[in-house]
Number of protein chains: 2
Amino acid sequence: MKNLAFLLLTIILLQGCDLVEKKVDADPLPSWNDGPSKQAIVEFVTLTTNPDGKYFVPEEERIAVFDNDGTLWSEKPMYFPFEFAFDMVRLHVSEHPEWNEEQPFKGILERDNQAVFSSGEEGILDLLVETHTGMTNAAFKQMVDNWIDTARHDVTGWLYKDMVYKPMLELLDYFRTHQFRTFIVTGGPVTFLQPWSDEVYGIPTEQLIGSRFKLVYEYTDEGPVVFRAPAFEFLNDEGGKVESISYQIGKRPVAAFGNSDGDLAMLQYTSAGEGKRLMVYIHHTDGEREYAYDRESPVGRLDK
Amino acid sequence: MKNLAFLLLTIILLQGCDLVEKKVDADPLPSWNDGPSKQAIVEFVTLTTNPDGKYFVPEEERIAVFDNDGTLWSEKPMYFPFEFAFDMVRLHVSEHPEWNEEQPFKGILERDNQAVFSSGEEGILDLLVETHTGMTNAAFKQMVDNWIDTARHDVTGWLYKDMVYKPMLELLDYFRTHQFRTFIVTGGPVTFLQPWSDEVYGIPTEQLIGSRFKLVYEYTDEGPVVFRAPAFEFLNDEGGKVESISYQIGKRPVAAFGNSDGDLAMLQYTSAGEGKRLMVYIHHTDGEREYAYDRESPVGRLDK
């Protein structure tokens, strides 16, 4: 440690303020394999941030959008909002004895996933509405906060907040170091993601766009309250991602990252802008350290 | 000028880097009358940004929300999106001969405002849908851009982009200088405001929240396109402002500014948080230099 400190001090004395920049330039993406993908990313950032080059993008236009499930964090074996919903059913079954008899709740309690998913889209929507709504927004945030601190992934045993991809965290940092604003544009429910994003990704909640359950404001005896009404309002997937980018960001992104067919529209929309654009698909191929999947997967299907 | 430069240089030599801060502290809001309102604002910013004080608010929580019509820019004699709609009717009537016979279009063409507003809510909604939808989002942006550059206020003869309140521009700057993020939360259509906000307020489009017409993404022969469908989707007023803050900002603001009953919920929601909060109502009392109105006004009604 002392030797390193001495070496660093020597470099500082020799190079002064250049040190920080040289260190960043050295390798901004150390977890990435050297290859065409990494090269394309570094080239894109270098070209769009060079004020003398023809591909320069002014800071206010530097918008990079990222899918979440399967792009920034794992989506296997199930999307995390589903894992949360499963745990909430187990936690709150005493207040809902009927869940012992009805699918998909019965399947969850008996750890029979086949029964759960046999309940179809309607059953899954019912599950989400039952576990994500019917309380105040503040109470829901508290439920998610508690879950984040305690719930662990079935296979790895890690906390879910650690199930994020290190290369992608480096990428987020790399873009932000170059004055890009990084937005998450996810199919997951946005209020489920709000309690995580600052800590896990360094992304403030106002840079999250996602699916929505209906919120309803009411002035009650206890003051102003936002209730979570039992209705799904907007699915932020496929073309919906572009629509919500148009409302909430109001600019066409210059870089877009996804991993499934649900992200295709967002990448196409990004690519149709002028100048240099970067579109990246994360393809899960490492079955040993993570999961390998694409066309045949029920979650994060990558086919088109 | 030379004397001033000499004086400034002397101060710099004497005080070094303190100069900038001292200048800002001198009077951050020169257009504001000295009085309890200005005092409350300065006290709020001073207390919430003092890291040693009990009211300190960390940077990530420094969210200030502003209504637009009547708070940041004028809303008299009519909301600007209506002025735009009126002008679009005049501009495009040759493509819509039926407008010569139907209200509220006929009234607009004959400059008969009473006929226009007699068409009621349904007529006004029809007017907005006819003039704000039915094209691509990009084409609409171009229409608004053109209008911003040329259209002038009936009474003052100024460009609409100059019809903003100087004291409020100072306020936006003052908050941002102290690391607050400034959001507009408006009842106006958000895509109408997007082309202005950067230039007029220094607020990036991703910090705008407003009402919405339905957008629809489609992949066409000419590539990916966002269409403006002829349907009003969400009215961002009253409780709706709190609901959209909950989705899009994901944090409770610590400061809120409005001027009408439509902003009350947003101010109440802001006030219900812990610690120091600032809620400001702009009351239009200067009939000579602007307009004086409150309870009886059809726009920007301030009663409750």
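That block above? That's the structure.
Residues numbered from 1 in each chain as written. Chains lettered and ligands numbered in written order. Predicted model: local features only at pLDDT ≥ 70, side-chain atom pairs only at ≥ 80, totals over all residues. Heavy atoms only, no water.

A. Expanded view of the packing of helix H4 (residues 80–92) of chain A against helix H7 (residues 120–132) of chain A. Residues and elements named next belong to chain A. Here H4 crosses H7 at 65 degrees, and the two axes come no closer than 9 Å. Accordingly, the angle class assigned to the pair H4 and H7 is roughly perpendicular. Here H4 runs over H7; the crossing is left-handed. Facing Pro81, Phe82, Phe84, Ala85, Phe86, Met88 and Val89 of H4, the residues of H7 in contact are Ile124, Leu127, Leu128, Thr131 and His132. Broken down by class, the residue content of the contact of H4 with H7 amounts to 10 nonpolar, 2 polar and no charged. (Axes fitted to C-alpha atoms, helices over the stretch in contact; angles between N-to-C directions. Helix = DSSP H or I, 4+ residues; strand = E, 2+ residues; numbered from the N terminus. Parallel < 35°, antiparallel > 145°, perpendicular 65-115°, else oblique. Left-handed = near helix turned anticlockwise from the far one by under 90°. Contact = heavy atoms within 4.5 Å. Nonpolar A, V, L, I, M, F, W, Y, C, P; charged D, E, K, R; others polar.)

B. Summary view of the pattern of salt bridges. With the rule as written, the count across this model stands at 31 salt bridges over all chains. The partner of Lys251 of chain B in a salt bridge is Glu206 of chain A, and the shortest N-O contact between them spans 2.8 Å. With Lys251 of chain B in the loop between helix H11 (239–248) and strand E5 (255–258) and Glu206 of chain A in the loop between helix H10 (190–201) and strand E3 (208–220), the pair connects residues from two separate chains. Lys251 of chain B gets classed as buried once you look at its relative accessible area, which sits at 10%. The class of Glu206 of chain A is buried, set by a relative accessible area of 9%. Residue Lys106 of chain B pairs with Glu110 of chain B through a salt bridge whose shortest N-O separation is 3.5 Å. (Salt bridge = Lys/Arg side-chain N within 4 Å of Asp/Glu carboxyl O. Buried < 20%, exposed > 50% of the residue type's maximum accessible area, 1.4 Å probe, protein only.)

C. Quick peek at the interface of chain A and chain B. Across the boundary between the two partners, chain A contributes 34 residues, which contact 34 residues of chain B. Carbon and sulfur atoms supply 53% of the area that chain A and chain B bury against each other, a total of about 2900 Å² over both sides. Interface area lost by chain A to chain B is led by Glu206, Tyr217 and Tyr247 of chain A, which between them contribute 27%. Put simply, chain A and chain B have 4 salt bridges between them. At the junction of chain A with chain B, the criterion picks out 24 residue pairs in polar contact (both at pLDDT 80 or more). (Buried area = accessible area lost by both parts, 1.4 Å probe. Polar contact = N/O pair within 3.5 Å; in protein donor to acceptor, adjacent residues only side chain to side chain.)

D. Structural context of the relation of the copies chain A and chain B. The two copies are related by a screw operation: chain A maps onto chain B through 180 degrees of rotation and 0.0 Å of translation along the axis, at an RMSD of 0.0 Å. Taken together, these values place the two copies in the relation of a two-fold axis. Across chain A, the rotation axis passes nearest the C-alpha of Gln248 of chain A, at a separation of 3.8 Å. With an isologous cut-off of 70% or more, the 100% of interface residues of chain A that recur at the interface of chain B puts this contact in the isologous class. (Least-squares fit on C-alpha atoms with pLDDT ≥ 70 in both.)

E. Examining unusual backbone geometry more closely. Across the junction of Lys76 of chain A and Pro77 of chain A, the peptide omega takes the value -5 degrees, indicating a cis bond. Topologically, Pro77 of chain A is positioned in the loop between strand E1 (63–66) and H4. A cis geometry characterises the amide bond from Gln103 of chain A onward to Pro104 of chain A, with omega recorded as 5 degrees. Among the secondary structure elements, Pro104 of chain A is positioned in the loop between H4 and helix H5 (105–109). Within the chain, Glu238 of chain A stands out as a residue other than glycine whose phi angle is a positive 50 degrees. Residue position: Glu238 of chain A is located in the loop between strand E4 (223–234) and helix H11 (239–248). Here Gln179 of chain B, not a glycine, exhibits a phi torsion of approximately 65 degrees, which is positive. Positionally, Gln179 of chain B belongs in the loop between helix H9 (166–177) and strand E2 (181–189).

F. Focus on the sheet that holds strand E5 (residues 255–258) of chain A. Residue and element names in this part refer to chain A. Taken in spatial order, the 6 strands of this open sheet run E4-E3-E2-E1-E5-E6, and their pairing is mixed. Both edges of this open sheet fall to E4 and strand E6 (278–281), since each of them pairs with a single strand only. Going from strand to strand, the sheet's axes swing by 30 degrees on average, the running direction of each strand aside. The pairing of E1 with E5 spans 3 bridges and is classified as parallel. (Pairing = 2+ DSSP bridges.)

G. Just the packing of helix H8 (residues 137–150) of chain B against helix H10 (residues 190–201) of chain B, in detail. All names here are of chain B. It is at 9 Å that the axes of H8 and H10 come closest, and there the two elements cross at 55 degrees. Regarding the angle of H8 to H10, the classification is oblique. For H8 against H10, the interelement crossing comes out right-handed. Taken together, the residues of H10 that come into contact with H8 (itself represented by Asn137, Phe140, Lys141, Val144, Asp145, Trp147 and Ile148) are Thr191, Phe192, Pro195 and Trp196. In terms of residue class, the contact of H8 with H10 is built from 7 nonpolar, 2 polar and 2 charged.

H. The arrangement of the packing of aromatic side chains in detail. All chains considered together, the criterion is met by 44 aromatic pairs over all chains. With centroids separated by 5.6 Å and ring planes inclined at 85 degrees, the aromatic side chains of Phe175 of chain A and Phe257 of chain A adopt a geometry described as edge-to-face. Taken together, the residues Phe175 of chain A in helix H9 (residues 166–177) and Phe257 of chain A in strand E5 connect sequence positions 82 residues apart. Neither residue differs from the other here; Phe175 of chain A and Phe257 of chain A are each classed as buried. Judged by centre distance (6.4 Å) and plane angle (85 degrees), the rings of Phe66 of chain B and Phe175 of chain B are edge-to-face. You can see Phe66 of chain B sitting in strand E1 (residues 63–66) and its partner Phe175 of chain B sitting in helix H9, a full 109 residues away along the chain. Accessibility classification places Phe66 of chain B together with Phe175 of chain B in one group, the buried group. Its end group placed over the ring of Tyr293 of chain A, Lys76 of chain A keeps NZ or CZ at 4.4 Å from the ring centre. (Phe/Tyr/Trp six-rings, centres within 6.5 Å; stacked < 30°, edge-to-face > 60°. Lys NZ or Arg CZ within 6 Å of the ring centre and 35° of its normal.)

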